[in-house]
Amino acid sequence: MAGRLAILACSGGLPVRIAEAQPDALKLGFQGVPNALQGDVHLHRFEKMGAVFDGLRAQGVDRVVFAGSLSRPPLNPAEFDPVMLGLAPRLMVAMQGGDDALLREVIAIFEEQGFAVMGAHELVPGLTAEEGLCVGAEMSETDLTDAGRAWDILMALSPLDVGQGCVVAGGQCLGIETVQGTDALLGFVAATPEALRRGVRGVYVKAAKRGQDLRVDMPVIGPKTIEAVAEAGLAGLVVEASRVMILEREKTVQAVEKAGLFLSSRVL
């Protein structure tokens, strides 16, 4: 008999979308980390991972899904339980690398504890952008060239575990998404002087890093992403087919059309 799924929820709309698709799932949150889940949410602390694992087992959980955005949380070593004390050295080493290195270590830890780690895209049908999606305005030849340049930059950085997004205008790289996230990147681009754009609006490309474990931290866009792209003065965005999630798809499409942008999904 199959066990139960648990949603390990952080901020954003993804945990809610998974809970809607998986109504029998256990909902688990962390103290100090906002989440929008409704109903009975079991709250735990990062310092008490032993209690997290025991609580999951007590509820018959054998599968977990990590959902939502989370900055690296501050931890108080004085409050670590024995399990967390044992895990801390591994996590500290992983934290020296990029986000993917840390998340791979977290996945390994949960698997060692007997839990299968699922991806949100495996649990919610139609969550990722399908190949050939084309919404809004038509891309120009310049847009296509800029998208290709942004893709080349992301692929060059991929082995260093850096970057899921890049903005290029007229062949000039205006910004790369780093640990600060999408909003910070697009805010930075919005403040870029027009002279540096070479008279071109520019394109935002969003893609997964090569070799990235897509069960956690799969790139995501939504209505707020579209608003930020418009505020940055860009012409539109290109996302990687099957490897980028679109939250609130109907609202996202409406936002693209209202802003006069384009949204294209391609195999990159």
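Residues numbered from 1 in each chain as written. Predicted model: local features only at pLDDT ≥ 70, side-chain atom pairs only at ≥ 80, totals over all residues. Heavy atoms only, no water.

### Section: the sheet that holds strand 6 (residues 134-136)
With mixed pairing, the 6 strands of this open sheet are ordered in space as 6-13-11-9-7-8. Looking at which strands have only one partner, the edges of the open sheet turn out to be strand 6 and strand 8 (172-176). Across this sheet, the average inter-strand angle for adjacent strands is 20 degrees, counted without regard to direction. Relative to strand 13 (residues 262-266), strand 11 (residues 236-240) runs parallel, the two being bridged by 5 bridges. Counterpart to Gly236 in the pairing with strand 13 is Phe262. (Pairing = 2+ DSSP bridges. Helix = DSSP H or I, 4+ residues; strand = E, 2+ residues; numbered from the N terminus. Axes fitted to C-alpha atoms, helices over the stretch in contact; angles between N-to-C directions.)

### Quick word on the environment of Ala51
On the secondary structure map, Ala51 appears in helix 2 (residues 49-58). Residue Ala51 is classed as partly exposed on the basis of its relative accessible area of 36%. Setting aside chain neighbours within four positions, we find Ala51 in contact with His44 and Asp81. (Buried < 20%, exposed > 50% of the residue type's maximum accessible area, 1.4 Å probe, protein only. Contact = heavy atoms within 4.5 Å.)

### Some words on the confidence of the model for the chain
Of the residues in the chain, 99% have a pLDDT of 70 or more, and the chain-wide mean is 92. Confidence, expressed as mean pLDDT per element, reaches its minimum in the chain at helix 4 (residues 99-112) with 89 and its maximum at strand 9 (residues 203-206) with 98. (pLDDT = per-residue confidence, 0-100.)

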